[in-house]
Amino acid sequence: MASLTVSSITNGDVRTHFVSTAAVNWVILQDDSGVTLIDGGYPGHASAVVESLTQIGSAPEEIRGALLTHAHVDHLGGIAALRRGHSFDVFADPEEVGHARRDFLEQASPADIARIAYRPSVLRWLSEIVPLGALDKSGIADALPFTDLSALPGAPVAVPTHGHTRGHSAFVVGGGEVAVTGDALVSGHMISTVAGPQCLGHVFTHDVPANEDAVASLAALDATVVMPGHGPLLRGDIAVFVEQALT
Ligand SMILES: [Zn+2]
């Protein structure tokens, strides 16, 4: 099983858990009514998602709903796999639902990856993610567009950040303290040559200028904890991280 670490932030009755693995991260919101999953890693991460729930004293039966920051296989796959044995709704931004259902796929193709596969870091990354199901093209046929998320555990608030994919969404939780930024704003990646706040490379991003605008808009948030889709958790003023990512 993929090794994982869990970092938790408490705001009142809500605990926000950042689950980090080598290849990708996910987030679990927990309160007395159960848990909300935000993303779930690759298909091969389903057992690691269960393990992360166990580590926080929860279980898949307590999932009241799952949210996708976006429908790339490294965020959707674990949720799709988990759902084969457990019943819960999966929500995405209305613009992203078609992607989650695989009406279309906005993802780097094997040919895109082949062009950069001469780099040792890319080969290491591929040897990590292919066994995790990176080539799995299945979606979630009954994914739903989200509207009001306030009834879900942790009461996340969606922040549209279209660009990385056409309907990418960030989420604010913990009364505004925590921003879950998905792949709009990350803090590292197995094939990135730099550490710290950054935007993912062009090969992974559907619309680069739109993503940069979306990241710029995150500077208006009050968050002091950033939980990205890739790389470590960041503590500090999100506006500073935004500036670093855009320079
Ligand atoms: Zn992505």
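Basis of the calculations
- Residues numbered from 1 in each chain as written.
- Predicted model: local features only at pLDDT ≥ 70, side-chain atom pairs only at ≥ 80, totals over all residues.
- Heavy atoms only, no water.
- Helix = DSSP H or I, 4+ residues; strand = E, 2+ residues; numbered from the N terminus.
- Rg over C-alpha atoms; globule rule 2.2 N^0.38 Å.
- Buried < 20%, exposed > 50% of the residue type's maximum accessible area, 1.4 Å probe, protein only.
- Contact = heavy atoms within 4.5 Å.
- Areas by Shrake-Rupley, 256 points an atom, 1.4 Å probe, with all protein chains shown as cover.
- Lys, Arg positive; Asp, Glu negative; His and termini not counted.
- Charge placed at Lys NZ, Arg CZ, Asp CG, Glu CD.

The name that an unreviewed UniProt entry assigns to the chain is Putative beta-lactamase, with the source organism given as Gordonia malaquae NBRC 108250.

Novice: Sorry if this is basic, but what is going on with the overall build of the chain here?
Specialist: A count of helices and strands for the chain gives seven helices and twelve strands. The C-alpha radius of gyration computed for the chain amounts to 16 Å, which stays within 12% of the reference 18 Å derived for 247 residues, consistent with globular compactness. With respect to the principal axes defined by its C-alpha atoms, the chain has extents near 50 × 40 × 30 Å. Counting the 247 residues in the chain, one finds 56% classified as buried. Looking at the chain alone, contacts between residues at least 24 apart form 65% of all its contacts between residues at least 6 apart. Accessible surface, the chain: about 10,000 Å² in total, of which carbon and sulfur atoms supply 53%. Looking at charge distribution, the chain has the averaged site of its 12 positive side-chain charges lying 8 Å from that of its 27 negative ones.

Novice: What am I meant to see in helix α2 (residues 73-82) here?
Specialist: An α-helical turn contains 3.6 residues, so a residue and the one three or four places further along point in the same direction. Within α2, ten of the ten residues are buried, which leaves it mostly tucked inside the rest of the structure. Of the positions making up α2, those classed as buried are V73, D74, H75, L76, G77, G78, I79, A80, A81 and L82. Buried positions along α2 lie against β4 (34-38), α1 (46-55), β5 (63-67), β6 (90-92) and α3 (97-100).

Novice: How should I be thinking about unusual backbone geometry in this particular structure?
Specialist: Most peptide bonds adopt trans geometry, and most residues besides glycine take a negative phi value. At R102, a position not held by glycine, the phi torsion is positive, near 70°. Inspection of the secondary structure assignment puts R102 in the loop between α3 and α4 (110-116). The exposure class of R102 is buried, given its relative accessible area of 18%. Phi at A155 takes a positive value of approximately 45°, unusual for a residue other than glycine. Residue position: A155 is located in the loop between β7 (144-145) and β8 (157-160). We classify A155 as partly exposed; its relative accessible area is 36%.

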